[in-house]
Protein chains: 2
Amino acid sequence: MKAAVLEALNNELKITEREKPVPGSGEVLVRLTAAAINHRDLFIQQGKYAGIALPCILGSDGVGLVEDIGPNVGVGLIGQRVLINPSLDWGEHEAFQSRKFRVLGMPDDGTFAQYICIAADNVFQAPAHLSDEEAAALPLAGLTAYRALFRKGGFKRGERVFITGIGGGVALMALQFALAVDAQVCVSSASARKIEKAVSLGANGGVLYTNSEWHKKLLNNFGHFDLSIDGTGGDLFARLLEIAAPGGRIVNYGGTAGPVNQLSPQRLFWKQLVIKGSTMGNAEDFKNMLAFVSEHAIRPVIDSLFPLEDINQAFKRMHEAQHFGKIVLRISE
Amino acid sequence: MKAAVLEALNNELKITEREKPVPGSGEVLVRLTAAAINHRDLFIQQGKYAGIALPCILGSDGVGLVEDIGPNVGVGLIGQRVLINPSLDWGEHEAFQSRKFRVLGMPDDGTFAQYICIAADNVFQAPAHLSDEEAAALPLAGLTAYRALFRKGGFKRGERVFITGIGGGVALMALQFALAVDAQVCVSSASARKIEKAVSLGANGGVLYTNSEWHKKLLNNFGHFDLSIDGTGGDLFARLLEIAAPGGRIVNYGGTAGPVNQLSPQRLFWKQLVIKGSTMGNAEDFKNMLAFVSEHAIRPVIDSLFPLEDINQAFKRMHEAQHFGKIVLRISE
């Protein structure tokens, strides 16, 4: 089978011929038809995580057809169009992942390949209203956004939500999810074009965080927020406490902008705010996310499509950060 | 009646003759027998809050006998020994206080006096096992600690708890509450003597936060913590994320050490931590706190006793920060 393999840090991925894997006990063999890129893949390529084991087939998001099953798997799965939950070995606790937890795609071989073997517990019927390319855009970003917004953020219909860094996969998915349940949503970005796009999707407004007074503009134009969803941290994070309503919640799922500084304990305790960290989600979150996407007929925003063979162009597009929505790979037989 | 009045910022309190107040509709007149000092009183004297209105009788904590009632109050209250809940006009939301919320003692006349008129809804029978002096030590610190530990912190029997700045009223009360339900508790302080005292009360250990490696020492000796209770913020706060167990909670109720810096979003989201701000508590928290104190026969630690007339000596003792436990005032007829 063809696979996109990262052989060494800071190298391009290499389209390589690999042996088609054989499903073990409890596993299914999925013939992948589409995959999607996440920042995680780029960060692995750039060596930004500890303990990277190479060579590895990268990729956390994938959709395809179950072609074969290993022992102890129901035959009913054969021929199903499935979406892969990239949370591996989450463990028993709802509130946090176990020590064995991994995200699919390094160290385990991922979805940038024609085939993958994966635990049957990790495959779910793909929402019927979505094309393979749309479905492939869903897993990691959809799961992270769903848990951040609903399970951790406790988002309720009609609340006011602020989402930072719109354009990123999780942020955009959080926007679509929140809009589906009648939220008032504002967004931030460094790009006026991305804010415009978010507004065209239904956001009530947005602010350029490159403007040092963005939080004041937000407060003046929109008032306080019940919930913020943030994937960056950094020096802007402290402002999220200023724009929070009393009893407001702030959920963080990423730290691309580095450590948080100048966070005011007085704002935290006097407004009785809640700050929660969230990462990925468990199988129940994944199932609930898919049900939510089906119920509200949500279609993930796709930025661009590349054939698997052009994966390095797809990585380049993500690296340049001009994308709005998911960058999806088509995988042909 | 005699009352300790703050007439101007940075001045001593003045023992003044004031008119005995008359209970209005829904109010009771309490003849106070004991009161207690909080940092809040000192901060008001030092002008550390916005909107200080003087002259004012300070004091949030008080116990006494109901001597008279206003219209629309049941006669059954007359003669009762009551403790005053210093949360005024909390409002309808459990999660946060209303805009009308005030802490008793500035702008409303407080408990450093022979008499006070207060809403009947704010008086509760004092726990029978406590002397007046012990009961007076309870309200503000007990309420804040109870809400931080149980309602916000979700503390469960047997969990591992870290409490910063032991010796302060809230921290000490949190220690006593946690120990009453079989927690393993560690504490921090700048004073070895205060740590020793905490250990003699039942704490499992403590660290001097003046040692820059305190968090490593804590991890080595005791492992990770399910819950931290912090009243300081500042540069030590980020360490609380390091010593937190996955899914751990950190509750902050004060910010004497200033803004929080170098807080790692990666730790926050990967461990799926929860940081909550908490302040005081509502009437239900107060009632639950008193029931808890009665059930577990908890006796607040009293540092020292002063007659109301010597209130400026009592303030001096708090200012010097050598106290361990509450500084209590005796109020005689």
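In this report, the structure presented in the accompanying data block is examined. (Residues numbered from 1 in each chain as written. Chains lettered and ligands numbered in written order. Predicted model: local features only at pLDDT ≥ 70, side-chain atom pairs only at ≥ 80, totals over all residues. Heavy atoms only, no water.)

### Notes on the overall build of chain A
Part 1: Of the regular secondary structure elements, chain A holds 10 helices and 18 strands.
Part 2: Relative to the compact-globule value of 20 Å for 333 residues, chain A shows a C-alpha radius of gyration of 20 Å, a close match.
Part 3: Seen through its C-alpha atoms, chain A measures out along the principal axes to roughly 60 × 40 × 35 Å.
Part 4: Buried positions account for 58% of the 333 residues belonging to chain A.
Part 5: For chain A, restricting intrachain contacts to residue pairs at least 6 apart in sequence, the fraction spanning at least 24 positions comes to 71%.
Part 6: Accessible area for chain A stands at about 12900 Å²; split by element, carbon and sulfur atoms hold 49% of it.
Part 7: The positive charge centre, built from 33 side chains, and the negative charge centre, built from 34, are 7 Å apart in chain A. (Helix = DSSP H or I, 4+ residues; strand = E, 2+ residues; numbered from the N terminus. Rg over C-alpha atoms; globule rule 2.2 N^0.38 Å. Buried < 20%, exposed > 50% of the residue type's maximum accessible area, 1.4 Å probe, protein only. Contact = heavy atoms within 4.5 Å. Areas by Shrake-Rupley, 256 points an atom, 1.4 Å probe, with all protein chains shown as cover. Lys, Arg positive; Asp, Glu negative; His and termini not counted. Charge placed at Lys NZ, Arg CZ, Asp CG, Glu CD.)

### A word on the pairing of strand 1 (residues 2–6) of chain A
Taken residue by residue, a regular strand's side chains alternate between the two faces of the sheet.
All names here are of chain A.
Part 1: Summarising burial for strand 1: 4 of the 5 residues are buried, a large majority.
Part 2: Bridging between strand 1 and strand 2 (residues 14–17) involves 4 bridges; their strand directions are antiparallel. Pairing of Val 5 across the sheet is with Lys 14, part of strand 2.
Part 3: Where strand 1 lies against strand 4 (residues 56–57), 2 bridges are found, and the strand directions are antiparallel. In the strand pairing of strand 4, Leu 6 is matched with Cys 56. (Pairing = 2+ DSSP bridges.)

### Topic: the relation of the copies chain B and chain A
Part 1: Of the transformation superimposing chain B on chain A, the axial component is 0.0 Å and the angular component is 180°, with the fit at an RMSD of 0.0 Å. What we have between these two chains is a two-fold relation. Residue Asn 261 of chain B of chain B places its C-alpha closer to the rotation axis than any other residue of that unit, at 2.0 Å.
Part 2: Counting the interface residues of chain B, we find that 100% of their copies in chain A are interface residues as well, pointing to one common contact surface. (Least-squares fit on C-alpha atoms with pLDDT ≥ 70 in both.)

### Quick look at the packing of helix 3 (residues 139–152) of chain A against helix 4 (residues 169–180) of chain A
Residues and elements named next belong to chain A.
Part 1: Close contact between helix 3 and helix 4 brings their axes to 8 Å; oriented N to C, the two are set at 55°. Classed by the angle they form, the pair helix 3 and helix 4 counts as oblique. Of the two possible hands of crossing, helix 3 and helix 4 adopt the one that is right-handed. The residues of helix 4 that touch helix 3, namely those facing Ala 141, Gly 142, Thr 144, Ala 145, Tyr 146, Leu 149 and Phe 150, are Gly 169, Val 170, Met 173, Ala 174, Phe 177 and Ala 178.
Part 2: For the contact of helix 3 with helix 4, the per-class residue count stands at 10 nonpolar, 3 polar and no charged. (Axes fitted to C-alpha atoms, helices over the stretch in contact; angles between N-to-C directions. Parallel < 35°, antiparallel > 145°, perpendicular 65-115°, else oblique. Left-handed = near helix turned anticlockwise from the far one by under 90°. Nonpolar A, V, L, I, M, F, W, Y, C, P; charged D, E, K, R; others polar.)

### Observations concerning the interface of chain B and chain A
When the parts of a complex come together, some accessible area is lost, and that lost area is often taken as the interface size.
Part 1: Across the boundary between the two partners, chain B contributes 34 residues, which contact 34 residues of chain A.
Part 2: Of the roughly 2800 Å² buried between chain B and chain A on both sides combined, carbon and sulfur atoms contribute 57%.
Part 3: Of all the secondary structure elements, the ones that give two or more residues to the side of chain B that touches chain A are helix 3 (139–152), strand 15 (244–252), helix 8 (265–270) and strand 16 (274–277) of chain B.
Part 4: Ranked by residues supplied to the side of chain B that touches chain A, first place goes to helix 8 of chain B with 5 residues.
Part 5: For the side of chain B that touches chain A, the per-class residue count stands at 16 nonpolar, 14 polar and 4 charged.
Part 6: Where strand 16 (residues 274–277) of chain A meets strand 16 of chain B, 3 bridges bridge the pair, whose relative direction is antiparallel. Within the sheet, the bridge partner assigned to Lys 276 of chain A lies in strand 16 of chain B and is Val 274 of chain B. (Buried area = accessible area lost by both parts, 1.4 Å probe.)

### Some points on the packing of aromatic side chains
Part 1: Counting across every chain of the model gives 26 aromatic pairs over all chains.
Part 2: Relative to Tyr 49 of chain B, the ring of Phe 43 of chain B has its centre 6.2 Å away and its plane inclined at 80°; by these criteria the two rings are edge-to-face.
Part 3: With a centroid separation of 6.3 Å and 75° between ring planes, the pair formed by Tyr 146 of chain B and Phe 177 of chain B is classed as edge-to-face. Pair noted here: Tyr 146 of chain B is in helix 3 and Phe 177 of chain B is in helix 4 (residues 169–180), with a separation of 31 residues, a long-range link.
Part 4: In this structure an aromatic cluster arises from ring pairing among Tyr 146, Phe 150, Phe 155, Phe 177 and Phe 292 of chain A.
Part 5: Positioned over the ring face of Phe 225 of chain A is Arg 160 of chain A, at 5.3 Å from the centre of the ring.
Part 6: Taking the ring centre of Tyr 115 of chain B as reference, the NZ or CZ of Lys 20 of chain B above it sits at 4.4 Å. (Phe/Tyr/Trp six-rings, centres within 6.5 Å; stacked < 30°, edge-to-face > 60°. Lys NZ or Arg CZ within 6 Å of the ring centre and 35° of its normal.)

### Concerning the nonpolar core
For soluble globular proteins, nonpolar side chains are generally found buried alongside one another.
Part 1: Ranked by internal contacts, the top residues of the largest apolar core, which has 55 residues, are Ile 163, Phe 177 and Ile 229 of chain A.
Part 2: Composition of this core by domain shows at least three residues from each of domain 1 (2–138 + 300–330) and domain 2 (143–277) of chain A.
Part 3: Not counting chain neighbours up to four residues away, the residues in contact with Phe 177 of chain A comprise Gly 142, Ala 145, Tyr 146, Leu 149, Phe 150, Met 289, Phe 292, Val 293 and Ile 298 of chain A.
Part 4: Counting residues in each nonpolar core, the second largest holds 52 residues, with Val 103, Leu 130, Leu 290 and Val 301 of chain B among its members. (Core = buried A, V, L, I, M, F, W, Y, C linked by side-chain atoms within 4.5 Å. Domains from an automatic or database assignment.)

### Topic: the sheet that holds strand 2 (residues 14–17) of chain B
Part 1: An order of 2-1-4 (chain B) is seen for the 3 strands of this open sheet, with the pairing classed as antiparallel. Of all the strands in the sheet, just strand 2 and strand 4 (56–57) of chain B have a single pairing partner and so form its edges.

### Structural notes on the sheet that holds strand 15 of chain B
Part 1: Taken together, the 12 strands give an open sheet; going across it, the order is 13(A)-12(A)-11(A)-14(A)-15(A)-16(A)-16(B)-15(B)-14(B)-11(B)-12(B)-13(B), and neighbouring strands pair in mixed fashion. Each of the sheet's edge strands pairs with one partner strand only, and the pair in question is strand 13 (205–208) of chain A together with strand 13 (205–208) of chain B. The sheet shows a mean angle of 15° between the axes of neighbouring strands, taken without regard to direction.
Part 2: With 3 bridges connecting them, strand 11 (residues 160–163) of chain A and strand 14 (residues 225–230) of chain A associate as parallel partners. Across the sheet, the residue bridging to Phe 162 of chain A is Ser 228 of chain A, located in strand 14 of chain A.
Part 3: Helix 3 of chain B rests against strand 11 (160–163), strand 14 (225–230), strand 15 and strand 16 of chain B of the sheet, and its axis sits at about 155° to strand 14 of chain B.

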